[in-house]
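So the chains spell out like this:
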Amino acid sequence: DATRPAPRRRIDSTPPAAQTGAHGGGRESTNRQRKAPMPAGTSHHLPVTIRVARSDADLRKVLAVRAAAAGGAGAQAANAAPETWDLRPNATLLLAESRTDGAALGSLRILANERGRLAIEDRVDLPAALKAGSVAEASRLAVRPGRNATLVRLMLWKAFHRYCLAAQVDTMLIAVREPTAHQY
């Protein structure tokens, strides 16, 4: 019959249940109905993962990304030392890595005022309203140049936002040096 609409496909690509009727146009039998599972290919796997840098090896990856983002060579990255702010108890370093080979692609430092002083407080006197609440400062964004640089940057910012949500931070601050403001 030309006026009958075409049958709809299930999302799991399994064949439809047996149909009843002389022309196959009846309803599916109720004992064969089931919920269709999501197809295996629908999970969202981005080429980058973000995690907290916890070990000395992770810290070396962060330093290497910073050197690469600044245009430094491998020797410069090997000789780089962590900044004082990286080692403070209120510092959390986020590390972006390639899902395919584990290469470090980016990093971001988060400082929370609940466990210590913020770096921005050395340069600016924060208003009393900010001092009274919980504040997280993001700084030292570094992204290795390459194909996924924009994605890495956006994922690091989202990770900072999610960190602040999880920690119930009232205010997010971003500290930027003027020459690198366009990256933020």
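What you see as residue numbers is a count from 1 along each chain, following the sequence as written. Given that this is a predicted model, residues contribute local features only at a pLDDT of at least 70 and side-chain atom pairs are listed and counted only at 80 or more, while totals for whole chains, interfaces and linings are drawn from all residues. Hydrogens and waters are ignored; side-chain quantities use all the structure's heavy atoms.

So what about the sheet that holds strand β1 (residues 48-52)? Which residues, and what values?
Read from one edge of the open sheet, five strands run β1-β2-β3-β4-β5, paired in mixed fashion. In the strand order of this sheet, the two ends are held by β1 and β5 (171-174), each with one partner. Ignoring strand direction, the axes of neighbouring strands in this sheet form an average angle of 25°. In short, DSSP must find at least two bridges between two strands for them to pair. Going along the chain from the N terminus, every DSSP run of H or I of four or more residues is numbered as a helix, and every run of E of two or more is numbered as a strand. Sheet topology places β1 next to strand β2 (residues 91-98); five bridges connect them, and they run antiparallel. Paired with Thr49 across the two strands is Glu97, which belongs to β2. In this analysis, two residues are considered to be in contact whenever any of their non-hydrogen atoms come within 4.5 Å of each other. Lines fitted to the C-alpha atoms define the axes, with helices restricted to the stretch that makes contact. Angles between their N-to-C directions range from 0 to 180 degrees. Each of β1, β2, β3 (104-112) and β4 (135-143) is contacted by helix α1 (residues 56-69), which is oriented at about 110° to β3, the strand it contacts most. Taken strand by strand, helix α4 (residues 149-166) contacts β1, β2, β3, β4 and β5, and its axis lies near 165° from that of β4.

Explain the nonpolar core to me, and be specific about the residues and the numbers.
Definition used in this section: a nonpolar core is a set of buried Ala, Val, Leu, Ile, Met, Phe, Trp, Tyr and Cys residues joined via side-chain atoms within 4.5 Å. Summary of the burial criterion: residues with accessible area below 20% of their type's maximum are buried, those above 50% are exposed, and those between are partly exposed, where the area comes from a 1.4 Å probe applied to protein chains only. Judged by nonpolar contacts, the single largest core of 21 residues is most densely connected at Leu108, Val152, Leu156 and Phe160. Those elements that place two or more of their residues in this core are β2, β3, β4 and α4. Looking at this core, the element that brings in the most residues is α4, giving nine residues.

Any details on the pairing of β5? Residues and values, ideally.
Sheet topology note: the β4/β5 ladder contains four bridges and is parallel. Bridge pairing in β5 places Ala136 opposite Met172. By convention a crossover is right-handed if, when the strands point away from the viewer, the path from the first strand over the helix to the second runs clockwise. This β-α-β element, β4 to α4 to β5, shows right-handed connectivity.

Account for α1, naming residues and giving values.
Compared with an ideal rise of 1.5 Å per residue, which puts 14 residues at 20 Å, α1 spans 20 Å between its outermost C-alpha atoms and is within 8% of the ideal. For α1, every residue scored as buried is listed here: Asp58, Leu59, Val62, Leu63, Val65, Arg66, Ala67 and Ala68. To estimate how far a helix should extend, the number of its residues minus one is multiplied by 1.5 Å.

Could you give an account of α4, naming the residues involved and the relevant values?
Here α4 is 18 residues long and its end C-alpha atoms lie 26 Å apart, about the 26 Å a rise of 1.5 Å per residue gives. Buried residues of α4: Ala149, Val152, Met155, Leu156, Trp157, Ala159, Phe160, Tyr163 and Cys164, and no others. Phi turns positive one or two residues past the end of α4, at Gln168, with a value near 55°.

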